[in-house]
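Residue strings, one per chain:
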Amino acid sequence: QVRFVESGGGLVQPGGSLILSCTLSGSGVSLDEPAWFRQAPAYGRERVAIIHNGGTIDYKDSVKGRFTISKDNAKNTVYLQMNNLTPEDTAVYYCANMAGPLAYWGQGTQVTVSS
């Protein structure tokens, strides 16, 4: 089954940092405008960051200056460096391809920011 596999979540104190990883598993597939999303309880899924084909990067306003998205095409892996985390960042984080025929949504990784 081809899908993204997210990892790196956990419990962190406010002001802390985490690095999330997301690897697209399966043969014959590749990253295609990969993006990170998150979904907090009682809220809809929102896009946090995306790497457009061509290289431009967009972030949700509330994470600009704190989060950094990057990718390694050879490893089919997308990363999300998250710094200065706040309780409002608590959510399940997912990644997906935004271009191509399928998104390959994974199961997500839980990030909890709490003291």
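A. Representation of the sheet that holds strand β4 (residues 34–39). Taken in spatial order, the six strands of this open sheet run β2-β10-β9-β4-β5-β6, and their pairing is mixed. Looking along the sheet, the strands with just one partner apiece sit at the ends: β2 (10–12) and β6 (57–59). The average undirected angle you get between the axes of adjacent strands in this sheet is 25°. Examined bridge by bridge, β4 and strand β9 (residues 91–97) share six bridges and lie antiparallel to one another. Its bridge partner being in β9, R38 is matched across the sheet by Y93.

B. Summary view of the environment of G65. In this fold, G65 is placed in the loop between β6 and β7 (67–72). A sequence separation of 19 residues divides G65 from N84, and the C-alpha atoms of the two residues are 9.4 Å apart.

C. Inspection of the pattern of salt bridges at higher detail. Tallying each qualifying case throughout the model produces five salt bridges. Two residues, E46 and R38, come together in a salt bridge whose shortest N-O distance is 2.7 Å. Look at E46 and you get partly exposed, because its relative accessible area is 27%. Measuring nitrogen to oxygen at the nearest pair gives 2.8 Å for the salt bridge that ties R66 to D89. Taken together, the positions of R66 in the loop between β6 and β7 and D89 in the loop between β8 (77–82) and β9 put the pair 23 residues apart, joining distant regions of the chain. Taking relative accessible area as the criterion, D89 reaches 1% and is therefore assigned buried. Each of the salt bridges in this network shares a partner with another, and the network as a whole consists of R38, E46, K60, R66 and D89.

D. Highlighting the nonpolar core. By size, the foremost hydrophobic cluster in this structure holds 25 residues, and its most contacted members are F4, W36, V48, F67, L80, M82 and Y93. Those elements that place two or more of their residues in this core are β3 (18–25), β5 (46–51), β7, β8, β9 and β10 (109–113).

E. Quick peek at the state of the cysteines. Going through the model one piece at a time under the given rule, you end up with one disulfide. Covalently, C22 is tied to C95 through a disulfide, its sulfur atoms 1.4 Å apart. Placement of the pair is C22 in strand β3 and C95 in strand β9, with a sequence separation of 73 residues. As far as burial versus exposure is concerned, C22 and C95 are alike and both buried.

Scoring rules and cut-offs
Residues numbered from 1 in each chain as written. Predicted model: local features only at pLDDT ≥ 70, side-chain atom pairs only at ≥ 80, totals over all residues. Heavy atoms only, no water. Pairing = 2+ DSSP bridges. Helix = DSSP H or I, 4+ residues; strand = E, 2+ residues; numbered from the N terminus. Axes fitted to C-alpha atoms, helices over the stretch in contact; angles between N-to-C directions. Salt bridge = Lys/Arg side-chain N within 4 Å of Asp/Glu carboxyl O. Buried < 20%, exposed > 50% of the residue type's maximum accessible area, 1.4 Å probe, protein only. Core = buried A, V, L, I, M, F, W, Y, C linked by side-chain atoms within 4.5 Å. Disulfide = S-S within 2.5 Å.

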